[in-house]
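Listed below are the residues making up each chain.
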Amino acid sequence: MIKLHKVSKSYSRFQAIKSISITVNAGEIHGIIGASGAGKSTVLRLMNLLEIPEEGEVEVNGQTLTNLHSKELRQARKSIGMIFQQYNLVANKTVYENVAVSLELANFPREERKSRVGECLQFVGLESLKDKYPAQLSGGQKQRVAIARALANNPRVLLCDEPTSSLDPNTTAEILSVLENINKSFGVTIVIVSHEMEVIKSICNRVTVMADGEVYDTVTIKPKRILNTDNSPKYFVEQLTKVGEMDHA
Amino acid sequence: MPDILVQYEAEIWSSIGETFVMVGVSVLAAILVGLPVGTLLFLCRKDQILENQFVFSSLNLLVNIVRSFPFLLLVVFLIPFTRLIMGTAIGTAAATIPLSIIAIAHYSRLVEQSLLDVPKGVIEAAVSMGASVKEVVFKFLYVEARSGLVLGLTTSIISFISYSTIMGVVGGGGIGDFAIRYGYQQFKTDLMIYVIIIMVILVQLLQFVGTTISRLIDKR
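Keep in mind that this is a model prediction, so the values were computed, not measured.

(A) Region of the structure containing the sheet that holds strand 10 (residues 214-220) of chain A. Residues and elements named next belong to chain A. Pairing is mixed across the open sheet formed by six strands, whose spatial order is 6-7-8-3-9-10. Every interior strand has two partners, whereas the edge strands, strand 6 (80-83) and strand 10, have only one. Taken pair by pair, the neighbouring strands of this sheet meet at an average axis angle of 15°, ignoring direction. Where strand 9 (residues 206-211) meets strand 10, six bridges bridge the pair, whose relative direction is antiparallel. Each residue of the ladder has a partner; that of M210, found in strand 10, is V215. Along the sheet, helix 5 (residues 139-151) contacts strand 6 and strand 7 (157-161); its crossing angle with strand 6, the most-contacted strand, is approximately 170°.

(B) Representation of the pattern of salt bridges in the model. Summed over the entire model, instances satisfying the criterion amount to 16 salt bridges over all chains. For B:R45, the salt bridge goes to B:E112, with nearest N and O atoms at 3.0 Å. You can see B:R45 sitting in the loop between helix 2 (9-43) and helix 3 (53-68) and its partner B:E112 sitting in helix 6 (residues 92-116), a full 67 residues away along the chain. B:R45 gets classed as partly exposed once you look at its relative accessible area, which sits at 28%. Three or more residues joined by partner-sharing salt bridges are found here, namely A:K9, A:R45, A:E51 and B:E124.

(C) Inspection of the packing of helix 2 of chain B against helix 3 of chain B at higher detail. All names here are of chain B. Look at helix 2 against helix 3: their axes get within 9 Å of each other, and the N-to-C directions meet at 135°. Overall, the two elements helix 2 and helix 3 adopt an arrangement that is oblique. The handedness of the crossing between helix 2 and helix 3 is left-handed. Across from V37, L40 and L41 in helix 2, the residues of helix 3 making contact are V55, F56, L59, N60 and V63.

Reading the values: rules and limits
Residue positions are given per chain, counting from 1 as you read along its sequence in written order. Key to labels: chains lettered from A, ligands numbered from 1, both in the order written. Under the rules for a predicted model, residues below a pLDDT of 70 receive no local features and side-chain atom pairs below 80 are neither given nor counted, while totals for whole chains, interfaces and linings still include all residues. Side-chain figures throughout are based on the complete set of non-hydrogen atoms in the structure, without hydrogens or water. Strand pairing is defined by DSSP finding a minimum of two bridges between the two strands. What counts as a helix is a DSSP run of H or I of at least four residues, what counts as a strand is a run of E of at least two, and both are numbered from the N terminus. All axes are obtained by fitting lines to C-alpha atoms, using only the stretch in contact for helices, and the reported angles, taken between N-to-C directions, cover 0 to 180 degrees. Contacts are assigned to residue pairs with any non-hydrogen atoms lying within 4.5 Å of each other. Salt bridges are defined by distance alone: a side-chain nitrogen of Lys or Arg within 4 Å of a carboxyl oxygen of Asp or Glu. Partly exposed residues are those whose accessible area sits between 20% and 50% of the maximum for their type, while under 20% is buried and over 50% is exposed, using a 1.4 Å probe and protein chains only. To sort the angles, those under 35 degrees are grouped as roughly parallel, those over 145 as roughly antiparallel, those from 65 to 115 as roughly perpendicular, and the leftovers as oblique. Two helices that cross are described as forming a left-handed crossing if the nearer one is turned anticlockwise from the farther one by less than a right angle, and a right-handed crossing if clockwise.

Interpretation note: all reported values are geometric properties and have no functional meaning in isolation.
Here's what the structure looks like:
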């Protein structure tokens, strides 16, 4: 579904990505993990050409993006959804308008937009908030709007750049189950970049481990289930006062 | 109403009319030309979607040059150009030429600054959704920056009123010129003070309207 072939990218003199090749199979949830500065976000941004590589080829959905003209590239991007750590919603548009804009960009038939936005918001459980502005929402709700916006055009691929890194553990679990649900219900291929091991372990089928702009290894794993952490005050006290384990080193 | 205002009422009204013409044309120029120029300045900056060092530097230099002229000098300097376009360099209509030029330079800079406040991530999200440059500008940038654009225009309009008082030197007329001719040159200090009061009220009103609109449309 996604193939990076010997792709390199540098910023001024610093080589961020050193001739890497990665294959993401159709239908999988593919994780990319690594330390800060390992180049994992850059790799994700290369997959929809938000970053233009100096060398190598990027292929998505059977199209070689690196060979496309700007108009064709814009067309191809409409079937590659993307969500971000900072959500990147338009603060002056309502929830409804934020989702509708991606339909407008894709020239989705005008009469059907309203019902399509409704469907997407319903899928992420935010239908009742459609007239709110992003400033009135919590982080988890904003990320759901961003997911609805990315889903509206029925993308084949969803790129997720640290989607849960600004969220607390419970909200993280909620967002991850929404993502898993998208993968299961619509067969959307998902690539998820995260520095959080738990996030990667809980939903990915295959994981690319990166270090210093190179692929260190790619492993196939069996996703453990998404754990809903307990956030009752009792649980916090228990965890804090638990004796031993970590601190006898 | 004070006698002196009654005595000059007709002239005051026609002066206010001239000010409105001069400022109105400047505002039109600011919106029709200054807004696109400011947007282009922003888009051509380094790391923006139309990054173009040559266009950016040229526009930047041009805007700076116009803005570095003391306005009175700009008016005089532009007399041949004004005459070329309007057939004359004298009168209210001719005065709109230098005013429009300063208006474009003034507002385009404020537009650029407002657009710089739009989070980079929003533009990135737009690009990732396959938006063209035009769509990024109209469906994202202007929507996100709208309150700054309105505040900037308010600031600009108030500056244009101030600039328009200088247009007396080329017979542009206007309320500021009226105050100088009667209040200063004919020692009618009370008349000058009344005119200043009128202008203060006008500016207060404008600022109030601008601030209110910008607050109402800001949902950030």
